[in-house]
Amino acid sequence: MSDPVARDAAEEASAFSHPAVDPDASVPYGDHPDQVVDFYAPRGGQASVPLVVVLHGGAWRGAYDRRHVTPFADFLARRGLAVANVEYRRGREIPAQGGTSPVAGRWPETFDDVAAVLDALPDLARKALPEADVRRTVLTGHSAGGHLALWAAARHVLPVGSPWRLPAPPALRGVVALAPIADFARAVELDVCGGAVHQLLGGEGEFEERRPHADPALLLPTGIATAVVQGRTDTTVPYPVVESYVDAAAQAGETVGLTLLEEVGHFPLIDPAADACAVVAEEIAQLAW
């Protein structure tokens, strides 16, 4: 299919065509309705398997919740992994004044939630999903969720005084970021997701002040094994955004693995019917096991 717009539409339709898969357990990590994590047990009944934490995408906007990645979570569970599918507070449904799209993200609540759930997750998983070996945890996330996964793995290099800063690196096997919004400056240049980055940080006027606390491209090196999977023909989060992040890592003395899939757009990475999704699962397995 030569028309990139038509290809994107077809890929998105395929990814969203799968029925949602109910979790084996759901556990709150806070009082807000969006502060919840769903757990999926390995489908083969295995014990002591790695835990994959999934952070969904959707431009940090309220219209997209964790339900759309439940088929992806189930796909990983069917490959013998324990899975935690995280919900977090996102932007409101009502567009900003003069805008046409729902607002992306909440500052600081979106970051509060991701930090809180990952801090609580080892204990939550031990109780709700005893099959999970939390000592072998891999973070993954798609699009805006890919950004959050990279950010969560970099909390120990946040600026001193940041409320989310960790005193030491998080106990992770690694991160597999899927078409992540990984470099905020490049994403703004390309107007990724219609101004979503500025909205996430609370507005254009807050960008420079808050970016050091939120942009993975500025939080390097992390010392955490990191891989990125990206579709070459992705028009939602174009390849130059990821390329810029990988270059920034190299300049910081860190190697980020990059798997660039030809003739693949944004959504096949989380579509169990797509070959790209199997590639993603293999990248996760390589770090997890």
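On a predicted model such as this, the values are computed, not experimentally measured, just so you know.

A. Inspection of the overall build of the protein chain at higher detail. Secondary structure summary: the protein chain contains 9 helices and 8 strands in total. If you line up the protein chain on its principal axes, its C-alpha atoms span 50 × 50 × 40 Å. For the protein chain, the proportion of its 289 residues judged to be buried stands at 56%. With an accessible surface of roughly 11,500 Å², the protein chain has 50% of that area assigned to carbon and sulfur atoms. For the protein chain, the distance from the average site of its 22 positive side-chain charges to the average site of its 38 negative ones is 6 Å.

B. The pattern of salt bridges, seen in detail. Scanning the entire structure with this criterion turns up 18 salt bridges. Arg66 is the partner of Glu87 in a salt bridge, and the nearest nitrogen-oxygen pair spans 3.6 Å. Note that Glu87 is positioned in the loop between strand E4 (82-86) and helix H3 (109-128) and Arg66 in the loop between strand E3 (49-55) and helix H2 (70-77), a separation of 21 residues in sequence. A residue is classified by how much of its surface remains accessible, and Arg66, at 17% relative accessible area, is buried. The salt bridge partner of Asp215 is Arg211, with a shortest N-O separation of 2.6 Å. Residues joined by salt bridges that share partners form a network here, namely Asp34, Asp38, Arg66, Glu87 and Arg90.

C. Inspection of the sheet that holds E4 at higher detail. Strand order in this open sheet of 8 strands is E1-E2-E4-E3-E5-E6-E7-E8, and the pairing throughout is mixed. The sheet terminates laterally at strand E1 (25-28) and strand E8 (257-261), the two strands that pair on one side only. Across the sheet, the axes of successive neighbouring strands diverge by a mean angle of 20°, strand direction being ignored. Examined bridge by bridge, strand E2 (residues 36-40) and E4 share 4 bridges and lie antiparallel to one another. Note that in E4 the partner of Phe39 across the bridge is Ala84. Sheet contacts for helix H4 (residues 144-152): E3, strand E5 (132-142), strand E6 (174-178) and strand E7 (226-231); angle to E5, the most-contacted strand, approximately 135°. On the sheet, helix H9 (residues 275-288) packs against E3, E5, E6, E7 and E8 and is oriented at approximately 165° with respect to E6.

About the thresholds
Residues numbered from 1 in each chain as written. Predicted model: local features only at pLDDT ≥ 70, side-chain atom pairs only at ≥ 80, totals over all residues. Heavy atoms only, no water. Helix = DSSP H or I, 4+ residues; strand = E, 2+ residues; numbered from the N terminus. Buried < 20%, exposed > 50% of the residue type's maximum accessible area, 1.4 Å probe, protein only. Areas by Shrake-Rupley, 256 points an atom, 1.4 Å probe, with all protein chains shown as cover. Lys, Arg positive; Asp, Glu negative; His and termini not counted. Charge placed at Lys NZ, Arg CZ, Asp CG, Glu CD. Salt bridge = Lys/Arg side-chain N within 4 Å of Asp/Glu carboxyl O. Pairing = 2+ DSSP bridges. Axes fitted to C-alpha atoms, helices over the stretch in contact; angles between N-to-C directions. Contact = heavy atoms within 4.5 Å.

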